[in-house]
Amino acid sequence: MKNPLIIKHAQKLLCPTDFHGGFGQLDIIEDGAVVCRKDIIVWVGKTSDIPPDYENENCQVINASNKLVAPGFVDCHTHPIFSGTREHEFVMRCQGKSYREIAEAGGGIRYSVRMLRTASEEELLIDAIPRLNRFLSTGTTTIEAKSGYGLSIDNEIKMLRVIRKLNEIHPIDIVPTFLGAHELPDEYRDRRRDYIDLVIHEMIPMVAEEKLAVFCDVFCEDHVFTVNESEEILQAALNAGLKIKIHADQLTSSHGAAMAASLGAVSADHLDYSDSNTVEQLKQHGVIPVLLPGAVFFLGLSHYANARSMIDSQLPVAIATDFNPGSCTIQSMPLIASISCIYMHMTPTETWIASTINAAKSVCLEQKIGSLSVNKQADIIIWDIPNENFMPYSFGNTSIDNVVKNGDLLKT
Ligand code: NIG
Ligand code: FE
């Protein structure tokens with residue numbers, strides 16, 4: 001049996017807290033301590049108050065003096081399973097072509113689809129492992145991961161099986177999302193209705209039957225799936241017992257996020273062009289906005305989501321990387337936090353809340369992860385930084401001493 005783990009004398013122990021109907025808050029305990037037994041946090045408080053019983057047990061102790069201790073990040077929107085990379089498109093964008101122009105000429109997601117279809121499950125798994133290691137090395141202990149580069153029954157199932165296998169063999173936890181409606185694949189360009197029927201009548205039932213995904217997502221944008229098409233797909237997913245999410249308002253403003261809110265979506269993601277009416281709908285239906293400023297930054301765009309109005313409306317805004325081979329190669333949540341501060345005018349404190357407890361809410365895991373509190377999973381990062389502001393301030397640098405994942409010390 002594993003001995004208890006005590007982390008003590010943390011200069012600052014960050015405790016994000018969820019409160020219903022609000023953005024959340026960050027409580028900070030100075031000279032703080034956390035006690036973990038097996039994979040669970042069993043005690044949190046000031047070092048001087050650690051119950052002596054714990055210290056009497058044969059425990060492993062980490063002295064975190066001069067360190068900051070925080071929950072692991074939850075990166076709640078990623079596309080980490082792909083084959084091949086798209087630096088040729090990056091060159092095209094540097095020369096002035098837009099993401100949308102490249103997509104419409106057959107590149108973008110469709111390029112990644114062609115590549116993924118040639119790869120075996122084994123190859124996809126091997127390619128993904130270093131990516132998962134990189135998430136952990138920058139403090140991310142749980143990710144949400146989407147399919148969406150298969151776009152045929154076999155290839156979507158292949159991606160979701162890879163995600164399932166990775167979840168079993170890698171310390172990082174992965175929440176699987178089915179994104180069969182990510183694009184129209186090459187062979188369905190003139191038969192869009194047939195592809196939508198395939199997603200609704202064959203893919204969704206199979207994914208639900210094999211329990212390969214928790215969520216179903218759709219890329220709702222006028223050159224991809226329309227609001228009506230997205231609604232039909234998401235309704236089918238709900239009927240099959242999946243929870244729903246949407247990519248909406250990334251490049252243009254539509255009624256997509258508001259539609260998903262009225263259907264009962266857990267989150268609406270991107271929202272760069274969302275207007276005040278959409279913000280109102282998200283609030284009314286309790287939808288988590290997941291903002292992805294890394295994609296705006298990496299695509300060289302300037303229209304960021306209006307995080308301030310969402311936070312001021314007391315929406316529990318989350319932030320995530322959107323890691324994928326096309327629109328955002330960033331895997332680091334600290335970088336996303338920096339971009340959120342610089343371009344969306346979030347405060348450093350808000351970025352901690354948005355990338356931990358609120359992100360956990362956006363994947364329905366707020367009872368299990370996203371904060372340092374009793375009975376939560378022991379996913380803890382020990383940072384070699386002096387205070388909470390330093391993480392996004394120190395742009396491009398990540399100073400992590402130790403990662404504790406499920407109560408196991410991974411890095412010393
Ligand atoms: O979230 N918006 C749609 N999907 C991804 C991009 C995927 C890709 O370009 O490969 C995104 O940005
Ligand atoms: Fe995405």
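See the structure above.
Let me begin by describing the structure that accompanies this report.

Cut-offs used in this document
Residues numbered from 1 in each chain as written. Chains lettered and ligands numbered in written order. Predicted model: local features only at pLDDT ≥ 70, side-chain atom pairs only at ≥ 80, totals over all residues. Heavy atoms only, no water. Helix = DSSP H or I, 4+ residues; strand = E, 2+ residues; numbered from the N terminus. Buried < 20%, exposed > 50% of the residue type's maximum accessible area, 1.4 Å probe, protein only. Contact = heavy atoms within 4.5 Å. Donors = N, O, S within 2.8 Å, 3.2 Å for Na, K, Ca; no water. Pairing = 2+ DSSP bridges. Expected span 1.5 Å × (residues − 1). Phe/Tyr/Trp six-rings, centres within 6.5 Å; stacked < 30°, edge-to-face > 60°. Lys NZ or Arg CZ within 6 Å of the ring centre and 35° of its normal. Salt bridge = Lys/Arg side-chain N within 4 Å of Asp/Glu carboxyl O. Core = buried A, V, L, I, M, F, W, Y, C linked by side-chain atoms within 4.5 Å. Near = heavy atom within 4 Å. Polar contact = N/O pair within 3.5 Å; in protein donor to acceptor, adjacent residues only side chain to side chain. Areas by Shrake-Rupley, 256 points an atom, 1.4 Å probe, with all protein chains shown as cover. Nonpolar A, V, L, I, M, F, W, Y, C, P; charged D, E, K, R; others polar.

1. Quick look at the side chain of Gln 250
- Structurally, Gln 250 can be placed in the loop between strand S10 (243–248) and helix H9 (256–263).
- Judged by relative accessible area, which is 6%, Gln 250 ranks as buried.
- Beyond its immediate stretch of four places on either side in the chain, Gln 250 contacts Phe 219, Glu 221, His 270, Asp 272, Tyr 273, Ala 295 and Leu 299.

2. Examining the coordination of the iron ion (ligand 2)
- Around the iron ion (ligand 2), the protein contributes the donor atoms His 77 (NE2), His 79 (NE2), His 247 (NE2) and Asp 322 (OD), which lie 2.1 to 2.4 Å from the metal centre.
- Binding-site remark: the iron ion (ligand 2) is held by donors from one chain whose sequence spacing is H-x1-H-x167-H-x74-D. Here the residue His 79 occupies a position in the loop between strand S6 (73–75) and helix H2 (87–94), and Asp 322 occupies one in the loop between strand S13 (318–319) and helix H13 (333–344), the gap between them amounting to 243 residues. For the residue pair His 79 and Asp 322, the accessibility class agrees, reading buried in each case.

3. Some thoughts on the pairing of strand S7 (residues 140–146)
- Among the seven residues in S7, seven count as buried, and that is most of the element.
- In this structure, S6 lies alongside S7, joined through three bridges in parallel fashion. Across the sheet, residue Val 74 finds its bridge partner in S7, namely Thr 142.
- Where S7 lies against strand S8 (residues 173–181), five bridges are found, and the strand directions are parallel. Paired with Ala 145 across the two strands is Pro 176, which belongs to S8.

4. Digging into helix H7 (residues 192–209)
- The terminal C-alpha atoms of H7 lie 25 Å apart, and with 18 residues this matches the ideal 26 Å at 1.5 Å per residue to within 8%.
- Those residues of H7 not exposed but buried are Tyr 195, Ile 196, Leu 198, Val 199, Ile 200, Met 203, Ile 204, Val 207 and Ala 208.
- Close packing links the buried residues of H7 with helix H6 (153–169), S8, strand S9 (215–218) and helix H8 (227–239).

5. Some remarks on the environment of Gly 256
- For Gly 256, the position within the fold is in helix H9.
- Judged by relative accessible area, which is 0%, Gly 256 ranks as buried.

6. Quick look at the packing of aromatic side chains
- Scanning the entire structure with this criterion turns up 10 aromatic pairs.
- Ring-pair connections join several aromatic residues into one group, and the members of that group are Phe 73, Trp 352 and Trp 383.
- A cation over a ring is seen here: Arg 131 above Phe 82, with NZ or CZ 3.6 Å from the ring centre.

7. Section: the pattern of salt bridges
- In this structure the tally under the stated criterion is 22 salt bridges.
- With its nearest N and O atoms 2.6 Å apart, the salt bridge here joins Arg 192 to Glu 229. One end of the pair, Arg 192, is in helix H7; the other, Glu 229, is in helix H8, and 37 residues separate them in sequence.
- When the shortest N-O distance is used, the salt bridge between Glu 232 and Arg 193 registers 2.8 Å. Here Glu 232 is found in helix H8, whereas its partner Arg 193 is found in helix H7, with 39 residues between them in sequence.

8. Description of the environment of Leu 179
- Of note, Leu 179 is situated in strand S8.
- Residue classification places Leu 179 among the buried residues on the basis of a relative accessible area of 0%.
- Setting aside residues no more than four positions away along its own chain, Leu 179 makes contact with His 79, Lys 146, Ser 147, Gly 148, Leu 151, Glu 156, Asp 217, Val 218, Phe 219 and His 247.

9. Some thoughts on the nonpolar core
- Counting 104 residues, the largest nonpolar core has Ile 233 and Trp 383 as the members making the most contacts within it.
- Top element by residues in this core is H7. It accounts for eight residues.
- If we skip the residues at most four places from it in the chain, Trp 383 touches Lys 67, Leu 68, Ala 70, Phe 73, Thr 138, Pro 334, Trp 352, Met 391, Thr 398, Ser 399, Ile 400 and Asp 401.
- One finds Ile 62, Ala 64, Val 69 and Val 404 within the second-largest nonpolar core, a separate group that totals 16 residues.

10. Brief notes about H8
- In a regular helix each residue adds 1.5 Å, so 13 residues correspond to 18 Å; H8 covers 18 Å between its end C-alpha atoms and thus fits that length.
- Along H8, the residues that are buried comprise Val 227, Glu 229, Ser 230, Ile 233, Leu 234, Ala 236 and Ala 237.
- On its buried face, H8 is in contact with S8, H7, S9, S10 and H9.
- Once H8 finishes, Gly 241 follows within two positions and takes phi at roughly 95°, a positive value.

11. Regarding the site of ligand 1
- By nearness alone, 15 residues border ligand 1, and Tyr 99, Tyr 149, His 182, Gln 250 and Ser 327 come closest of all.
- The contact in question runs from an oxygen atom of ligand 1 to an N or O atom on the side chain of Arg 86, over 2.8 Å.
- The contact in question runs from an oxygen atom of ligand 1 to an N or O atom on the side chain of His 247, over 3.1 Å.
- Here ligand 1, which alone exposes 330 Å², has 100% of that area covered by the protein.
- In terms of residue class, the shell around ligand 1 is built from four nonpolar, nine polar and two charged.

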